[in-house]
Amino acid sequence: MKQITLNWVLAHEPYHVFIKAAENFAKQVETETHGEYKINVIDLTEWNKLAEQNLTTLTTDREKIIKLVDNGSIDLATVYANTLGTIDPDFYALSMPFLFRDHNVAQETIDGPIGQYLLDKVSERSNIRGLVFTYSGGFRIVPSKHAIETLEDFYNMNIGCGNNPVSVGTFNSVGAKPVPMFIEDLAKGLQEQKVDGGETTYTRYFILGHNEQTNYINDSEHSLFLTSLIINKQLWESMTPEVQKIFANAALAAAKIEREESLADNVVIQQKAAEVGIPTVKMSDTERGRFESATKKMYTDLNTYFSPGLLSQLSKGKLH
């Protein structure tokens with residue numbers, strides 16, 4: 001039997017959240033295929049050496065990585081789900097404000113028929129197949145120079161956010177001034193005073209230097225930050241149905257491990273921030289309700305932007 005060696009490239013920070021899950025995936029695949037498939041889990045630095053490239057985890061290189069999976073230069077990669085929105089805008093729907101009331105609802109949705117529907121759609125528009133959704137941080141936070149305790153605290157605040165209708169619309173809804181930018185550019189935007197705060201996740205707060213320019217972590221939990229494990233479609237289609245099932249099951253198992261690691265990491269980051277004098281601020285239930293109410297109009301405004309009925313189905317957690 002010829003052994004097939006594949007590279008899973010961890011294409012964004014933070015790597016440490018994915019290592020355990022990725023290694024579990026590799027072990028499960030190798031074991032259940034009886035050694036036919038071996039997975040090398042590598043970061044971009046390692047892949048650059050192998051491929052003689054100089055890609056980074058920053059800015060537009062993320063889109064290049066997707067193209068490298070598309071053309072088969074990279075076998076598997078973990079990428080931001082919102083970056084897949086450049087292939088199919090429906091992926092932005094997963095970032096809609098207050099879509100998921102908690103992690104249980106979120107995971108039932110992304111692991112269920114709706115999540116699979118979105119992952120399948122990638123292969124309709126590209127040479128990529130989505131395998132599973134992961135977290136890499138979970139719910140978004142808004143670190144800033146001042147505490148956000150009421151809806152009025154958002155007014156006229158320059159907030160760095162994703163360059164898509166959902167992120168921009170969320171902060172327009174509360175009277176802030178959204179400034180579209182890559183999450184990796186937020187620290188620079190804060191330093192240059194282009195923004196007063198911005199969307200990120202706990203796992204990126206220290207790694208990307210967001211702590212250096214902010215005084216508060218505003219734990220808004222207004223939307224979910226998702227990543228996805230993708231595979232080259234031709235590679236996928238070269239596998240037998242039995243092997244495809246092994247890969248799919250291993251991906252789901254890895255995703256569940258990664259989500260647990262990610263959420264555990266969030267607690268550590270909160271504690272680390274508190275130790276250096278950066279408190280975590282949460283809105284009261286009343287103010288959070290006002291935040292949610294202010295964004296409800298987006299579900300009407302963006303309804304035709306997404307595939308017919310998608311927002312309704314996501315809100316109900318069911319695919320019709």
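Refer to the preceding data block for the structure.
These figures come from a predicted structure and were not determined experimentally.

A. Examining the packing of aromatic side chains more closely. Within the structure shown, the criterion is met by ten aromatic pairs. When the ring of F98 is compared with that of F291, the centres are 5.0 Å apart and the planes differ by 85°; the resulting orientation is edge-to-face. With F98 in the loop between β3 (76-80) and α4 (103-110) and F291 in helix α11 (residues 285-295), the pair connects residues that are 193 residues apart, well separated along the chain. For the pair shown, F98 and F291 are each scored as buried. An aromatic cluster is present here, built from W8, F25, Y37 and F247 joined pairwise through their rings.

B. A look at the layout of surface pockets. The volume enclosed by the second largest pocket comes to roughly 210 Å³. For the second largest pocket, the lining is made up of 14 residues, of which D111, Q116, L119, L131 and V132 are closest to its centre. Broken down by element, the residue count for the lining of the second largest pocket peaks at five residues, all from strand β4 (residues 128-139). Classifying every residue of the lining of the second largest pocket by side-chain character gives eight nonpolar, four polar and two charged.

C. Just the pairing of strand β1 (residues 4-10), in detail. Burial analysis of β1 places five of its seven residues in the buried class, which makes it a mostly covered element. Both β1 and β3 contribute to a ladder of three bridges, which runs parallel. Opposite V9, over in β3, you have A77 as the bridge partner.

D. Representation of the sheet that holds strand β2 (residues 37-43). Strand order in the open sheet made by the five strands is β2-β1-β3-β10-β4, with mixed pairing throughout. Since the sheet does not close on itself, it has two edges, and those belong to β2 and β4, each with one partner. With direction set aside, neighbouring strand axes in the sheet form an average angle of 25°. Pairing of β1 with β2, which is carried by seven bridges, proceeds in the parallel orientation. If you follow V9 over to β2, its bridge partner there is I42. In this fold α4 packs onto β4 and β10 (224-232), with an angle of close to 175° to the strand it touches most, β4.

E. Representation of helix α2 (residues 44-51) within the structure. Within α2, burial applies to L44, W47 and N48. The buried residues of α2 occupy one face: seen down the axis, they fall within an arc of 105°. Residues of α2 that are exposed and angled more than 90 degrees away from the buried face: K49 and L50. E52 sits one or two residues past α2 and shows a positive phi near 55°.

F. Main features of the nonpolar core. Of all hydrophobic cores here, the largest spans 44 residues; its most connected members are M96, F133 and F306. Ignoring anything within four residues of it in the chain, the contact list for F133 reads A81, F91, L94, I110, G115, L118, L119, L226, T227, S228, A255 and R259. The next biggest cluster of nonpolar side chains, apart from the first, holds 26 residues, and it includes F18, V29, M239 and A255.

Reading the values: the criteria
- Residues numbered from 1 in each chain as written.
- Predicted model: local features only at pLDDT ≥ 70, side-chain atom pairs only at ≥ 80, totals over all residues.
- Heavy atoms only, no water.
- Phe/Tyr/Trp six-rings, centres within 6.5 Å; stacked < 30°, edge-to-face > 60°.
- Helix = DSSP H or I, 4+ residues; strand = E, 2+ residues; numbered from the N terminus.
- Buried < 20%, exposed > 50% of the residue type's maximum accessible area, 1.4 Å probe, protein only.
- 1 Å grid on protein atoms, 1.4 Å probe; cavity = no way out; pocket = protein on both sides within 12 Å on 5 of 7 lines; lining within 4 Å.
- Points joined across faces, edges and corners; volume = space filled by probe spheres on them.
- Nonpolar A, V, L, I, M, F, W, Y, C, P; charged D, E, K, R; others polar.
- Pairing = 2+ DSSP bridges.
- Axes fitted to C-alpha atoms, helices over the stretch in contact; angles between N-to-C directions.
- Contact = heavy atoms within 4.5 Å.
- Arc of directions from axis to C-beta.
- Core = buried A, V, L, I, M, F, W, Y, C linked by side-chain atoms within 4.5 Å.

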